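Here are the chains, one letter per residue:
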Amino acid sequence: MSELKGLRDDVYRRPLETALERLGLGAGWRCVDVGAGGGDVSVALAEMVGRDGRVYAVDSDPLARDEVARAAAAHAQVIALTQAGEDLSLPEEVDLAFCRFLLLHVLAPAVVVAKMAAAVRPGGWVVAQEPITSAGRIGGVPMSMPAAQHPDIGALLPALIRNESLEVVDAWAEAPAGVGPGAVSQYLESLTGVDPGDDPVVLPPLVTVIGRRA
């Protein structure tokens, strides 16, 4: 499996690695990372597509563009753009449109998926990874993210992809789990401000859907 060097400490790294391995992502690919945030995934993609590839790091927050620029300083193939997912517009078709932890926060997830589908070339790929937050557990008690627009959008993700006339090639869910000090509890504390102590933690399952444009 290809190693995503920039995501070594990401507890949800494995689903992304699995998806990209499934696609055969490699040198020369054109990609867009929608909702790029700090650019961790964009940089990881850039490492895989190489100098002959291109990665558009798109985020609606203008400050994210500066964060991506700093994170990707060594990768000239990363182009940071300030756009909302609902307004996605690129200067070329891409081989892969990707988003993760984005659709739960936007007003119109279906519109964003439609824009992503339109951005890829025929035969290109759309990969979305979204959580089912209420399925997470801390000491057996359900978690939730009531501030999110669509906290359980992961449960609807296969239908969102299929509704854009994309072939659902693969779909699955993974949930990191742990107990006591470690990466899972640290991630939970950074996300919620709650230190779980010695309580067992199951983070929200991340649903991955791989769609392909006919």
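Residues numbered from 1 in each chain as written. Predicted model: local features only at pLDDT ≥ 70, side-chain atom pairs only at ≥ 80, totals over all residues. Heavy atoms only, no water.

Caption draft 1: View of the sheet that holds strand E9 (residues 177–179). Strand order in this open sheet of four strands is E7-E6-E10-E9, and the pairing throughout is antiparallel. Each having just a single partner strand, strand E7 (141–142) and E9 make up the two edges of the open sheet. Across three bridges, E9 lies against strand E10 (residues 200–202) in antiparallel orientation. Bridging across to E10, Val-179 finds its partner in Pro-200. (Pairing = 2+ DSSP bridges. Helix = DSSP H or I, 4+ residues; strand = E, 2+ residues; numbered from the N terminus.)

Caption draft 2: Quick peek at the packing of aromatic side chains. Counting across every chain of the model gives two aromatic pairs. Judged by centre distance (5.3 Å) and plane angle (65°), the rings of Tyr-12 and Phe-101 are edge-to-face. A residue pair is termed long-range when its members are at least 10 positions apart, and Tyr-12 in the segment before helix H1 (13–23) and Phe-101 in the loop between strand E4 (94–100) and helix H4 (109–119) qualify at 89 residues. Tyr-12 gets classed as buried once you look at its relative accessible area, which sits at 2%. With a centroid separation of 5.6 Å and 75° between ring planes, the pair formed by Tyr-12 and Tyr-187 is classed as edge-to-face. With Tyr-12 in the segment before H1 and Tyr-187 in helix H6 (residues 183–192), this residue pair connects regions lying 175 residues apart in the sequence. (Phe/Tyr/Trp six-rings, centres within 6.5 Å; stacked < 30°, edge-to-face > 60°. Buried < 20%, exposed > 50% of the residue type's maximum accessible area, 1.4 Å probe, protein only.)

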